[in-house]
Amino acid sequence: MKRIAALLLLAAGTVAGFAQTPGISTGRSPAERSMAQAKKLIENNPNDFEAYNALALALSRRAREVSDVNFYTLGEEALQKSFVISPDNFDGQRIRVWLLLGKHEFAAALEAARKLNQKMPDDVMLYGFLTDANVELGNYQDAEKATQWMLDLRAGNMPGLTRAAYLRELFGDIDGSLELMHMAYQSTPPSEVEDGAWILSQMAHLKGVAEQALAGFPGYHYALGNLAKVRIQQKRYDEAVQLLRQRYQAAPHAENLFDLAQALQWAGHKEEAKKAFAEFEQKSLLETNRADNSNHELIFYYTDYANQPAKALEVARREYGRRHDVFTLDCYAWALYVNGESEEALQQIHLALAVGIRDARFFRHAGEIALATGDHSGAERYLRQSAQLNALGSEEARVALARVRQSADKVGP
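Keep in mind the model is a prediction, meaning the values are calculated, not measured. (Residues numbered from 1 in each chain as written. Predicted model: local features only at pLDDT ≥ 70, side-chain atom pairs only at ≥ 80, totals over all residues. Heavy atoms only, no water.)

**Focus on the pattern of salt bridges**
Part 1 of the reasoning: Going through the model one piece at a time under the given rule, you end up with 28 salt bridges.
Part 2 of the reasoning: Asp132 serves as the salt-bridge partner of Arg163, at 2.8 Å between the closest nitrogen and oxygen. Placement of the pair is Arg163 in helix H8 (residues 158–170) and Asp132 in helix H6 (residues 124–137), with a sequence separation of 31 residues. Each member of the pair, Arg163 as well as Asp132, carries the same accessibility label: buried.
Part 3 of the reasoning: With its nearest N and O atoms 2.7 Å apart, the salt bridge here joins Asp259 to Arg247. A residue pair is termed long-range when its members are at least 10 positions apart, and Asp259 in helix H14 (residues 254–266) and Arg247 in helix H13 (residues 237–250) qualify at 12 residues.
Part 4 of the reasoning: For Arg247, a relative accessible area of 10% translates into the label buried.
Part 5 of the reasoning: Linked through salt bridges whose partners overlap, the residues forming this network are Glu136, Glu319, Arg322, Arg323 and Asp325. (Salt bridge = Lys/Arg side-chain N within 4 Å of Asp/Glu carboxyl O. Helix = DSSP H or I, 4+ residues; strand = E, 2+ residues; numbered from the N terminus. Buried < 20%, exposed > 50% of the residue type's maximum accessible area, 1.4 Å probe, protein only.)

Rendered as structure tokens:
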């Protein structure tokens, strides 16, 4: 389950007739409390379609809490019961869009959200879903317009703020992103510990608050992953391995295993890393044709570790056929580059960087690709930008930058 803007709580009172009761069953997570309440409502009145909607919503929240996509299937089953009682009820249709986003069926979610938006043009969360789907498909102007509608309709609403923050980050405005995320965090009710932890986890790679997220929601898989990134940047690789092991135990997804395998490699545990990479490839190939896949990681495995460029390009082209977000463009560009198609690779990485994202790996890839096309000044510029960010990918950029400068010195004036 990747980091997508969609997976933030819809908002209190989204489902009519169903509200959280803060403070009960304190040993349970917010989603578990919601699930229990919805089931109680269903027991009291099996013909209450809103109760089934509430259960579907709670199940989808639980999917995020524990990173288990099986809860989306259970949520769909609850929605079907809602539609039997009240065919095509609006709240149920809206939750269905959220489930589609959770399963990474972005094109289908976009189409469904557009149809509902036409029926209910003043519904704030539908604009949130339009934002989410458009972001994941790479339609950033449409995403920005939808987010602005959210904030215009209800100034300062938490889902709108988090989406605006994510777009600010993609557009390269890190300070603006942090400010908006902080505003969202300040407006999060204390009882919603997972929502608060989610926001802190998204801030963690920009500002070190992962420990705070874990303190509020212990063992949270998103926070563990972002804290591991911090430890890798600090070259505390064994600590990163421990964190990523814990995350993989909590959320045994292929992409999480890939991160663990990389950390094992950096920590010097070569044999264990080799086994982890092999297991990752098997798991990733099983889901490569699904909407919710680990194709980005599979591409980088084939390009950077397995030395199988043709396989990397095959996977990259398949994913590029589904979506054109900046992360897919970067993967596609890198796969083209390792296959010797540097001119096209340069076009794709330029499209990604044109959005405004400031990512060390993107800049490093752009530098290597520019160098392959003979653009030494462009290569040096991109590699320097990567090195200055001091993030994942910066170390490799510094090595490449030294190589470019050494080559320039040999050529002389």
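**Description of the side chain of Gln348**
Part 1 of the reasoning: Turning to its location among the elements, Gln348 is positioned in helix H19 (residues 342–354).
Part 2 of the reasoning: With a relative accessible area of 7%, Gln348 lands in the buried category.
Part 3 of the reasoning: Here Gln348 is in contact with Tyr320, Leu329, Tyr332, Ala333 and Leu336, once residues within four sequence places are set aside. (Contact = heavy atoms within 4.5 Å.)

**Let's talk about the nonpolar core**
Part 1 of the reasoning: Grouped together as the largest cluster of nonpolar side chains are 79 residues, with contacts concentrated most on Leu170, Tyr220 and Val326.
Part 2 of the reasoning: By residue number, the principal contributor to this core is helix H18 (residues 326–338), which donates eight residues.
Part 3 of the reasoning: In this structure, Ile42, Ala109, Val124 and Met125 belong to the second largest nonpolar core, which totals 39 residues. (Core = buried A, V, L, I, M, F, W, Y, C linked by side-chain atoms within 4.5 Å.)

**Some remarks on helix H3 (residues 70–85)**
Part 1 of the reasoning: Over its 16 residues, H3 runs 24 Å from end to end, which matches the ideal 22 Å to within 8%, given 1.5 Å per residue.
Part 2 of the reasoning: Along H3, the residues classified as buried are Phe71, Tyr72, Gly75, Ala78, Leu79, Ser82 and Phe83. Take H3 and look down its axis: the buried residues cluster within an arc of 145 degrees, on one side only. Of the residues in H3, the exposed ones pointing more than 90 degrees away from the buried face are Asn70, Gln80 and Val84.
Part 3 of the reasoning: Close packing links the buried residues of H3 with helix H1 (30–44), helix H2 (49–66) and helix H4 (90–102). (Expected span 1.5 Å × (residues − 1). Arc of directions from axis to C-beta.)

**A word on H2**
Part 1 of the reasoning: Along its 18 residues, H2 runs 26 Å from first to last C-alpha, staying within 8% of the 26 Å computed at 1.5 Å per residue.
Part 2 of the reasoning: For H2, the buried fraction is high: 15 of the 18 residues fall into the buried class.
Part 3 of the reasoning: A positive phi of about 55 degrees marks Ser67, the residue just after H2.

**Quick notes on the packing of helix H16 (residues 295–304) against helix H17 (residues 309–320)**
Part 1 of the reasoning: Running from N to C, H16 and H17 cross one another at 160 degrees; their axes reach a closest spacing of 8 Å. By the angle between their directions, the pair H16 and H17 is classed as roughly antiparallel. Pair H16 / H17 crosses with left-handed handedness. Taken together, the residues of H17 that come into contact with H16 (itself represented by Asn295, His296, Leu298, Ile299, Tyr302 and Thr303) are Pro309, Lys311, Ala312, Val315, Ala316 and Glu319. (Axes fitted to C-alpha atoms, helices over the stretch in contact; angles between N-to-C directions. Parallel < 35°, antiparallel > 145°, perpendicular 65-115°, else oblique. Left-handed = near helix turned anticlockwise from the far one by under 90°.)

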